[in-house]
Amino acid sequence: MEIDQCLLESLPLGQRLRLVRRLRCDQVRAYCEREKVLQRQGSARARPLIRRKRKVQFGSSDIIQDAIVRHDNKEVVRLLKEGTDPSMLLPSGGSLLHLCARHDNVFAAELLMERGADVNQQDEDLWTALHVASACDSADMALLLLLAGANIMLQDINGNIPLDYSTEGSETNYILLKRLEENGVDLSTVQSMKMQQPSTMLSDVQYLLTTGGSVNQCNDEGVTLLHIASANGYSDVVSLLLKNGADPQAADNTCCTPLHLAAKYGQAHIVNQLLLHGADPMLLNGAKDKPSDIAATDWIADVLLKAEACWEERLRDPTAPSLPTENHYEEVNQDVPPSLRNSLTFPISKRDGLLEKDIMFRDVAGAPAPQPSQENGIEGPSSVVPGKLEQVKLVPPAPSDDLASLSELTNSSLLYEMQKRFGNDQIYTYIGHILLLVNPNKDLPIYSTVVSQLYLSSSGRLCSSLPPHIFSSAERAYHMMMQERQPQCFILSGESGSGKTEACKHIMRHLASRSCPKGFMLEPKMKHVSGDFTLHRRPQQGLPKATWYTWTQLYTYALEKSRLCSSAPHQHNFNVFYMMAEGLSAEERGALCLACDCAQTQI
Ligand SMILES: Nc1ncnc2c1ncn2[C@@H]1O[C@H](COP(=O)(O)OP(=O)(O)OP(=O)(O)O)[C@@H](O)[C@H]1O
């Protein structure tokens, strides 16, 4: 209904109001009609979508990997019978046999080898399945691989044979030594075989010099001979290169100098050599780290920090000495991961993976298992005995680490991935910046100081070669706090018993060791008093347990007392009550007035 404005103004007030009211009513009615039609159209469009069942389909390669990890050998047999390729390569360049060795699935390994899988297949770090079995101390697997003809002398890109990754005194170590003995190879032969590489490089450099070649030539990655020799610890080669004019400040494409690499890979003597030849300890690499920031050992970091102080002093006073005089070279090599000593000349970019692999698989038989958390859940870094080897098993990164990258994110694909990951002890998963945690309800060797240090980063960006972890979320929050100069807050939400308190302890431990690596104990301020924001509860029904971290203090606020006396349907009460109900004796229950039925009903 349309009204002429002039006509409207000419009407007396009472009529005008009635007319306008009618007009408004018409408008509202028309609006409601339109809404209804739109809703009908919307639901008509949505209905076929609901009826159409979505099916998530995975390739046979994913399914067989999953079956191997879960030890579902019937499934492995079925898939192989249906024609799944036993020699397929994994994204890491490894084979299904590597996966079997990683998860100690001897039966599946046998099946794969029967069907022609290559027992000596090497992954991109040149690890064979036997390297993996040795690192994981899987004696049965090592034996099987050796019986199937695995080459015990194959070297990885660091020149290490499987024996180098086995733990002295372990069964795997014994099997490997026995096999070497049977083949007439003694340890000195192995050693000299490994030493061949530096002498080959030395003679190559000598040849280059006699033919007038440049010692400063670099490859496509900007890596010079001095980078390679420094990273690998080839002292003689480094001396020769430096004597013949190699540039100690040469930077590769990631702005790393030979000093960065020597520091990072724990080559203490090379660090000394380079500093003596004028290498600048103040130069920053692409990640804005000085060599001292990425040093593999405290000793090297100390030497570099002293050198930095001298350089700074020299800027003020050019007559000051360029280097401190003391030298403790002999003390250092024990700290360097064995796999990184006596290494070969392989692309530098490869070496990061090896350093991490070495730490991931470091699993010392006889080494004490990680101690259960203290009452406050926070082991101060001071509690870690220096030099003690800790058990660490991180699962290598996988494409499913971030579910946000799945091409189709539905309930079923999400659940499938989470279940698969859980079975593989991958309890952490990203969805973008959110970290999902599935409570493993068992101790996993992924919270030691070594792991915490692995996740330290100078920029707050997650290292792509590390799997999702609560430490990386803590690290991110720390960097956000430093960048934005704003307090940061973690919201831990989940059902009772889902692991929020444990997660909180791990965050605290990481932040504590980051803020004071030399160690201090935090006050036990955490108390199990609060309720939590559960997954099922709407925000107005309960508030999240909120935790603020202010360097040394952790406050846990109990904001949800209602959960004690009036649980909503399908909601759990506090975990501790279920434990009490199950674990307390009749007397103890009586003393706590829990004997009657109403107490049971309460939980
Ligand atoms: N990351 C983990 N690794 C190993 N065990 C864990 C982990 N997280 C939780 N747990 C186990 O689950 C139990 C319950 O976890 P936690 O107390 O953290 O749950 P919660 O969510 O804080 O529970 P509530 O809401 O009742 O306080 C722990 O006592 C521990 O045994």
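Conventions and cut-offs
- Residues numbered from 1 in each chain as written.
- Predicted model: local features only at pLDDT ≥ 70, side-chain atom pairs only at ≥ 80, totals over all residues.
- Heavy atoms only, no water.
- Axes fitted to C-alpha atoms, helices over the stretch in contact; angles between N-to-C directions.
- Helix = DSSP H or I, 4+ residues; strand = E, 2+ residues; numbered from the N terminus.
- Parallel < 35°, antiparallel > 145°, perpendicular 65-115°, else oblique.
- Left-handed = near helix turned anticlockwise from the far one by under 90°.
- Contact = heavy atoms within 4.5 Å.
- Pairing = 2+ DSSP bridges.
- pLDDT = per-residue confidence, 0-100.
- Buried < 20%, exposed > 50% of the residue type's maximum accessible area, 1.4 Å probe, protein only.
- UniProt positions renumbered as here; feature names shortened; annotations may be inferred.

K.L.:
Please explain the packing of helix α6 (residues 106-114) against helix α8 (residues 139-147) as it appears in this structure.
P.N.:
Geometrically, a packed helix pair is captured by the angle between its two axes and the distance between the axes. In contact at an axis separation of 10 Å, α6 and α8 are set at 15° when each is read in the N-to-C sense. By the angle class used here, α6 and α8 are roughly parallel. Regarding α6 and α8, the two cross each other, and that crossing is right-handed. Along the contact surface, α6 presents Val-106, Ala-109, Glu-110 and Met-113, while α8 presents Asp-140, Met-141, Leu-144 and Leu-145.

K.L.:
What should I look at first to understand the pairing of strand β2 (residues 434-437) in this one?
P.N.:
Judged from the four bridges that link them, strand β1 (residues 428-431) and β2 form a sheet pairing that is antiparallel. Bridge pairing in β2 links Ile-431 to Ile-434.

K.L.:
Looking at this model, I keep getting lost on the confidence of the model for the protein chain. Mind explaining?
P.N.:
Should pLDDT be low for a region, the predicted coordinates there are not to be read in detail. Here the protein chain averages 74 in pLDDT, and 70% of its residues register 70 or above. Looking at the elements of the protein chain, mean pLDDT is at its lowest for strand β4 (residues 546-550), recorded as 36, and at its highest for α6, recorded as 93. The model gives residues 361-390 a pLDDT under 50, and that stretch makes 56 contacts with residues more than four places away or in other chains. For residues 518-554, every residue scores under 50 in pLDDT, and the model assigns this stretch 97 contacts once sequence neighbours within four places are set aside.

K.L.:
Explain unusual backbone geometry to me, please; I cannot follow it from the model alone.
P.N.:
Trans peptide bonds make up most of the peptide bonds, and negative phi angles are found at most residues other than glycine. With phi around 60°, Asp-425 is a residue other than glycine that occupies positive phi space. When its relative accessible area of 32% is taken as the criterion, Asp-425 is described as partly exposed.

K.L.:
Can you help me understand the UniProt feature "repeat: ANK" (unreviewed entry) in the protein chain in this one?
P.N.:
The residues that UniProt annotates with the feature "repeat: ANK" (unreviewed entry) are residues 92-124, 125-157, 221-253 and 257-286. Split by type, residues 257-286 is 53% helix and 0% strand. Its first and last C-alpha atoms lie 10 Å apart.

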